[in-house]
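# Structural description and commentary
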Amino acid sequence: MLDPMRLFPSEPTARAIAEKLYDTVRDLPLISPHGHTDPAWFAKDEAFPNPAALFIQPDHYIFRMLYSQGITLESLGIPQNNGKQQADPREVWRIFAKHYYLFRGTPTRLWFDYAMQENFGLKDRLTPENADEYYEILSKKLETPEFRPRALFEKFNIEVLSTTDSPLDSLEHHIAIRESGWKGRVLPTFRPDSVIDAEFKGFIQNIENLGAMTHESIVSYKGYLNALRKRRDYFISLGATATDHGHLTAMTADLDPGAAEALYQRILSGKSNPEEQQLFQAQMLTEMAGMSNDDGLTMQIHPGSIRNHNKQVYEKFGRDKGADIPSPTEYVRSLRPLLSKYGNSTKFNLILFTLDESTFSRELAPLAGHYPVLRLGPPWWFHDSPEGMMRFRETATETAGFYNTVGFNDDTRAFLSIPSRHDVARRVDCAFLGRMVAEHRLDEDEAFEVVQDLTVNLVKKAYKL
Amino acid sequence: MLDPMRLFPSEPTARAIAEKLYDTVRDLPLISPHGHTDPAWFAKDEAFPNPAALFIQPDHYIFRMLYSQGITLESLGIPQNNGKQQADPREVWRIFAKHYYLFRGTPTRLWFDYAMQENFGLKDRLTPENADEYYEILSKKLETPEFRPRALFEKFNIEVLSTTDSPLDSLEHHIAIRESGWKGRVLPTFRPDSVIDAEFKGFIQNIENLGAMTHESIVSYKGYLNALRKRRDYFISLGATATDHGHLTAMTADLDPGAAEALYQRILSGKSNPEEQQLFQAQMLTEMAGMSNDDGLTMQIHPGSIRNHNKQVYEKFGRDKGADIPSPTEYVRSLRPLLSKYGNSTKFNLILFTLDESTFSRELAPLAGHYPVLRLGPPWWFHDSPEGMMRFRETATETAGFYNTVGFNDDTRAFLSIPSRHDVARRVDCAFLGRMVAEHRLDEDEAFEVVQDLTVNLVKKAYKL
Amino acid sequence: MLDPMRLFPSEPTARAIAEKLYDTVRDLPLISPHGHTDPAWFAKDEAFPNPAALFIQPDHYIFRMLYSQGITLESLGIPQNNGKQQADPREVWRIFAKHYYLFRGTPTRLWFDYAMQENFGLKDRLTPENADEYYEILSKKLETPEFRPRALFEKFNIEVLSTTDSPLDSLEHHIAIRESGWKGRVLPTFRPDSVIDAEFKGFIQNIENLGAMTHESIVSYKGYLNALRKRRDYFISLGATATDHGHLTAMTADLDPGAAEALYQRILSGKSNPEEQQLFQAQMLTEMAGMSNDDGLTMQIHPGSIRNHNKQVYEKFGRDKGADIPSPTEYVRSLRPLLSKYGNSTKFNLILFTLDESTFSRELAPLAGHYPVLRLGPPWWFHDSPEGMMRFRETATETAGFYNTVGFNDDTRAFLSIPSRHDVARRVDCAFLGRMVAEHRLDEDEAFEVVQDLTVNLVKKAYKL
């Protein structure tokens, strides 16, 4: 099913170079500095329940495509807000198999085939005919010790895996992992949306909890910022090396102290309007950059997603159901307040992501090719496809070079897809470098260095791992 | 002149696969669900007057390029608003031949060469030297029965051809075609701009005519909507399966009934301002989606063209003179009102087009890869080129797959270019699939299925043909 | 170091065609109609001081990349506003050599390697190990007569080189070149930002100087316009064939005479606000187009750069320090006032540039493929890379053809990089044409014509050289 030459250029000269490059990175450990796996998996090390729960229900790439073709989310057993989740997992699996053709040409296809072959030894394409047999095989394997989370973590050769966590999280699972004596390195990431985005569910209560957890008086802006600092320190004490910020836009602000305090009071009053809420988020990006300048946490900004675009789906099924849609995103003017203050810093790394690929050549590569603090994150979300990764290299490298980028993020909740995602990224980088060498734009000895840097060195450096 | 391998990758492995794929679709019937041919041609079946009138004067791709290089529209015999059209068609043809080099690298070149060779047996490139000879040959052929519209329709192996028609059109030519006993399937498409766009020439009178035709009282919004429903039914009775909507933006609205009625009254008063007119168009897109949800007509939205950008050309020559220019187009926020109401419907298909290619990966593929009602139309207008089609596949497939797309539209007034346009589209799809197979991202057996789907099955399904 | 096949497709068929095409243009003279070399170099013909001053300190591509990785501008000897410039050029060179790996995959790498090999005979890649040796070799060569500006100009086979000059410039160096008897053709270009952009340093004084130089009373708008006309005539008398306009946006306006006069008075009062200043610039683009319509100077518009984005760098080091960042740029609505007045003119050429590549297929190619006055400038600034040039051909050719483009601009202050930049452009055009021929989209005999046109004929025609 998996050809050893997959994703390499079909032109033999470039392919041969790509293959040689790939040979040197194929077996390197996986470094996963940004993702959404559940730390409880590694703390508890329980078996995954069934193939549908492992592959389909947590993977919005999969169920959004099925939904787009008229398959109901109910029939796929997607959990509903009212607690219902009515679907026989075996039937869910059959639906997936029947519609597996929909994924032709998509990265999901590459990831899933890889997981089947490499993890389960299943070498034929999933079809309606073999669906039941595959379900049986997978179910049985998932019950074995070799398919427990920690065993898979080790089998996948993961050197480090970062999760994404609320500042209000006790990080109990991270503590449990550390205390368990297991050697797997699983790190928290500080993601403060719940106490910065006034539209977040339970926002005011969240801030009050933040104050309570840190013994800071959150009635003042200063106390609120101190509380955040304390939680960052707590995350750092458990190994965190990065923060992450998911905002609607890349807008930043740098208000004077009085204006910032007044704005915070409006926000805290619960009576703020959308403009004030957006300004507050903008101000907080700059504050967070300031804290990173102090404590060294790598800062990630993920802007541009319009969340929960489908009202009916949101009302019935809640967040993260494949209905977040990218929107045009402006960086140059938006980031200026933050960059005026911290752009020339070399004390921390600020990694920018985008869902608007037109910004790579126009805004992001020119910014990252100048400001010392900036680095470019890898293609995000819908663009973590072979074509998307290639477009990233083709539009960013010429202006930002390789060394203002930070390697790959798998960015997934779908644990079984992690090795495959890294494999795709490595292959695409080798394909790009193979072409560069074949076109005599880069010497071959350099390409061997670059591919090591892209796979390992730049990630470790950018995320301080 | 036409190489059998044209448009396939030059790399031999990918080329060989592309060629094999193409062999299976080359001779399939043409399905043309969206275009601008004149139904009168097929009703009357009269000879086309001369080569210039057939190839040059109706083809804005051709005369806009000539105009851009300083050739006057008068000298090309483009009809003027004052009724004048002064140009010897033979001289027009000579001008075209003399400047044929301007079309190097453009799709026009591919289309024209194909028409010359495949329809007229002329195997040398058009030059100033052979222009007169070619004119003679073409003129003579056009007088023969084999070059009448119906004979060409059959020779082209067109299975179905949709035209674009005003709701005020009696559809007399469509009726005549049906009553003639001729087997050619020519269908109307419901395009209501003339009674929805308040800037349309004669707008108020158009609405009054709409009322008169349907015996509905258009003084109320309800009566206006009923009148539109009746005309849709009339179109359906004559075979229509789709509507088409050409708006400046993709803006939609979902006003409450009182606000919608009040807005309609403003519009009907003739005193509305541009904002009200735009809001009315936005509201009408949602109304039209509702009607499609009831009657099943496939709905097409073509937004983003700034019409008649060149004031001097418009004043002298009128509409459709190559001076419509694309503009940045936003979909995610604009479509939300409509999608909130009908986005989860599986009762009709809503096909989105764009002139802003940056939206494919950012907005359109993510939307179409989620909402059941949505499908992506093929590259439109300036982008129906080999490069444009390839960019479409490369940016849309990864997120929307193949199965949220709808095959090809030739979208033309230039009847003789139809087979060539389909040929180019089929070749580019084969080139894309050939590369995917050569890079082991798709199995060869699947590619054979996909190319059939892209050429025939998806079109028929999307347009209910 | 330089492979003869560099930048050509690795696929042998396309490569062979590209190579044959390149053979016919490799040795053609360089035509450089837009750039930023210093006319004093050619007037005085003095030796360049040292390798760092020649290669590093004037090249913002180089020092911005180094800066982005934490290397201070001070350590690179970039001149400071306070007059300081503290760095041993040998040490600057070492820093560059040590970080030369940062330029992998960037055009800078291609340009620099070419200059080393072709001009200095240095065939090994620059490394920390050979840095000192190379510095010595370069230093010695720079002292020889063969490396004086005029000798290099001749060695580079430059047929014509345009500089960029203020209307307030006496053009003394241009006069000196003419009077020297040297045959090198160096022409001024009229760039009036300093008397049009109210934010320009010394703006009011500049206008007063303009009046004094021309004996026009600049207290009235009419006098101001007359003064500009006189300076254009002066530039023309010294060989100028073009103007250049660097604006934040592509906005144009066409005010009635009274409004224009009133706006000018506001601007001249020094009390204008940013909106008024922008409107004035917009109005002036249309006025300049009118003057070009009279005097025939080719007009270039370079919009979209946000200048001096990095406040700290600007305050310490001033303009042009690699901190100009592109921003989204709209053309279709912005240019309409100007195009309504002069778009149908065939009396001058208006060349549009962009830093926003999404506009090529969406706006610029459709505009240039229609309006007689318009032509598309080559990829500008960050996009004058192999990938950027290829994207330009791929997105512009299908709609604008080759003949609405104007060949290559090297657009540089880095004199030694000029031959290399032209070489890269010629190779990429050959690569594009080679692929077109290999895919049978263009006949081989035509490709030979096109590559001549792109290299020589279109440039001369567009810039009236």
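## Focus: the pairing of strand β2 (residues 158-162) of chain C
Residues and elements named next belong to chain C. Both strand β1 (residues 30-32) and β2 contribute to a ladder of three bridges, which runs parallel. Bridge pairing in β2 links I31 to V160. Bridge count for β2 against strand β3 (residues 186-187) is two bridges, and the pairing is parallel. Bridging from a neighbouring strand, S162 pairs with L187 of β3.

## Regarding the relation of the copies chain A and chain B
Note on the copies: chain A fits chain B at an RMSD of 0.0 Å, the axial shift is 0.0 Å, and the rotation between them is 120°. The transformation relating the two chain copies, once decomposed into turn and shift, fits a three-fold axis. The two copies present different faces, since only 5% of the interface residues in chain A are matched by interface residues at the equivalent positions in chain B.

## Regarding the relation of the copies chain C and chain A
Here the second copy of the chain follows from the first by a rotation about an axis and a shift along it. Screw-axis analysis of chain C against chain A gives a translation of 0.0 Å along the axis, an RMSD of 0.0 Å, and a rotation angle of 120°. A share of only 5% of the interface residues of chain C reappears at the interface of chain A, consistent with the copies meeting through non-equivalent patches.

## What about the interface of chain C and chain A?
Counting residues at the interface gives 42 residues for chain C, matched by 41 residues for chain A. The set of elements that each furnish at least two residues to the side of chain C that touches chain A consists of α4 (60-68), α6 (107-120), α14 (311-317), β7 (325-326) and α17 (386-400) of chain C. Top element by residues in the side of chain C that touches chain A is α4 of chain C. It accounts for four residues. When the residues that make up the side of chain C that touches chain A are grouped by side-chain class, the tally is 17 nonpolar, 15 polar and ten charged.

## Regarding the interface of chain A and chain B
Tallying the contact residues gives 42 residues for chain A and 40 residues for chain B. Contributions of two or more residues to the side of chain A that touches chain B are made by α4 (60-68), α6 (107-120), α14 (311-317), β7 (325-326) and α17 (386-400) of chain A. Considering every element that reaches the side of chain A that touches chain B, the biggest residue donor is α4 of chain A, with four residues. Classifying every residue of the side of chain A that touches chain B by side-chain character gives 17 nonpolar, 15 polar and ten charged.

## What to know about the environment of D320 of chain B
With respect to the element layout, D320 of chain B can be found in the loop between α14 (311-317) and β7 (325-326). Note: C-alpha distance between D320 of chain B and P58 of chain B (262 residues apart in sequence) is 9.4 Å.

## Comments concerning the environment of P4 of chain B
The residue P4 of chain B is located in the segment before α1 (12-23) in this model. C-alpha of P4 of chain B to C-alpha of N119 of chain B: the two residues are 115 residues apart in sequence and 16 Å apart in space.

## Quick word on helix α12 (residues 257-269) of chain B
Because each turn of an α-helix spans 3.6 residues, side chains separated by three or four positions end up pointing in the same direction. Residues and elements named next belong to chain B. The end-to-end C-alpha distance of α12 is 18 Å, a good match for the 18 Å that 13 residues give at a rise of 1.5 Å each. When we look at burial in α12, the residues that qualify are A260, L263, Y264, I267 and L268. Taken around the axis of α12, the buried residues stretch over an arc of 135°, which confines them to a single face. Turned more than 90 degrees from where α12 packs its buried face, G258 and S269 sit exposed. Those residues of α12 hidden inside the fold are in contact with α10 (203-214), α11 (221-237) and α13 (274-295). Following α12 by one or two positions, G270 adopts a phi angle in the positive range, close to 75°.

## Details of the domain arrangement of chain A
All names here are of chain A. For chain A, the assigned domains read domain 1 (1-30 + 411-457) and domain 2 (31-410). If you average the C-alpha positions of domain 1 and of domain 2, the two centres end up 25 Å apart. Taken together, the contacts link 27 residues of domain 1 with 38 residues of domain 2. Of the residues forming the side of domain 1 that touches domain 2, the biggest block, ten residues, is contributed by helix α18 (residues 418-438).

## Let's talk about the sheet that holds strand β5 (residues 298-303) of chain C
Backbone hydrogen bonds hold the strands of a sheet together, and the pairing may be parallel or antiparallel. Residues and elements named next belong to chain C. What the four strands build is an open sheet, ordered β4-β5-β8-β9; its pairing is parallel. Edge positions in the sheet fall to β4 (242-247) and β9 (374-376), since each has one partner strand and no second. Shown here is a sheet whose adjacent strand axes are inclined to one another by a mean of 25°, direction ignored. Alignment of β4 against β5, held across six bridges, turns out to be parallel. Bridge pairing links D244 to Q300 in β5. Contacting β4, β5 and β8 (350-352), helix α13 (residues 274-295) runs over the sheet at an angle of about 170° to β4.

## Some thoughts on the packing of α17 of chain A against α18 of chain A
Residue and element names in this part refer to chain A. Between α17 and α18, the least distance of the axes is 10 Å, while the angle of their chain directions is 45°. One element, α17, and the other, α18, form an angle in the oblique class. Where α17 crosses over α18, the two elements pack in a sense that is right-handed. Where α17 approaches α18, its residues P386, M389, M390 and R393 are matched on the opposing element by V424, A425, V428 and F432. When its residues are assigned to classes, the contact of α17 with α18 shows seven nonpolar, no polar and one charged.

## Overview of the sheet that holds β1 of chain C
Across the sheet, which stays open at both edges, the three strands sit in the order β1-β2-β3 (chain C) with parallel pairing between neighbours. Each edge of the sheet is formed by a strand with only one pairing partner; in this case those strands are β1 and β3 of chain C.

## Observations concerning the packing of α18 of chain A against helix α19 (residues 444-462) of chain A
Residues and elements named next belong to chain A. At a closest axis distance of 10 Å, the pairing of α18 and α19 adopts a crossing angle of 160°. As the angle between them shows, α18 and α19 are arranged roughly antiparallel. The handedness of the crossing between α18 and α19 comes out as right-handed. Contacts between α18 and α19 involve R426, D429, C430, L433, M436 and V437 from the former and E444, A447, V450, V451, L454 and T455 from the latter. When the residues that make up the contact of α18 with α19 are grouped by side-chain class, the tally is eight nonpolar, one polar and three charged.

Calculation rules
Position labels on residues start from 1 in each chain and follow its written sequence. Chain labels run from A onward and ligand labels from 1 onward, assigned in the order the entries are written. Totals for whole chains, interfaces and linings use all residues, but because this is a predicted model, local features are given only for residues with pLDDT of at least 70 and pairs of side-chain atoms are given and counted only at 80 or more. Note on pairing: DSSP must find at least two bridges between two strands before they are called paired. The way it works is that DSSP assigns letters per residue, a run of H or I at least four long becomes a helix, a run of E at least two long becomes a strand, and they are numbered from the N terminus. The copies were overlaid with a least-squares fit restricted to C-alpha atoms from residues scoring a pLDDT of at least 70 in each copy. Residues are defined as contacting one another if the C-beta atoms placed from their backbone atoms lie within 7 Å. Amino acid classes used here: Ala, Val, Leu, Ile, Met, Phe, Trp, Tyr, Cys and Pro are nonpolar; Asp, Glu, Lys and Arg are charged; the rest, including Gly, are polar. An expected span of 1.5 Å times one less than the residue number is assigned to each helix. Burial is judged by counting other C-beta atoms within 10 Å of a residue's own C-beta: 20 or more means buried, 12 or fewer means exposed, and anything between counts as partly exposed, with every C-beta placed from the backbone. The directions considered for the arc run from the helix axis to the C-beta atoms. Segment limits for the domains were obtained from an automatic or database-derived domain assignment. Under this scheme, a helix contributes an axis fitted over its contacting stretch, all axes are lines through C-alpha atoms, and angles between N-to-C directions fall in the 0 to 180 degree range. Orientation is classified from the angle alone, with under 35 degrees giving roughly parallel, over 145 giving roughly antiparallel, 65 to 115 giving roughly perpendicular, and any other angle giving oblique. A crossing counts as left-handed when the near helix is turned anticlockwise from the far one by less than a right angle, and as right-handed when that turn is clockwise.

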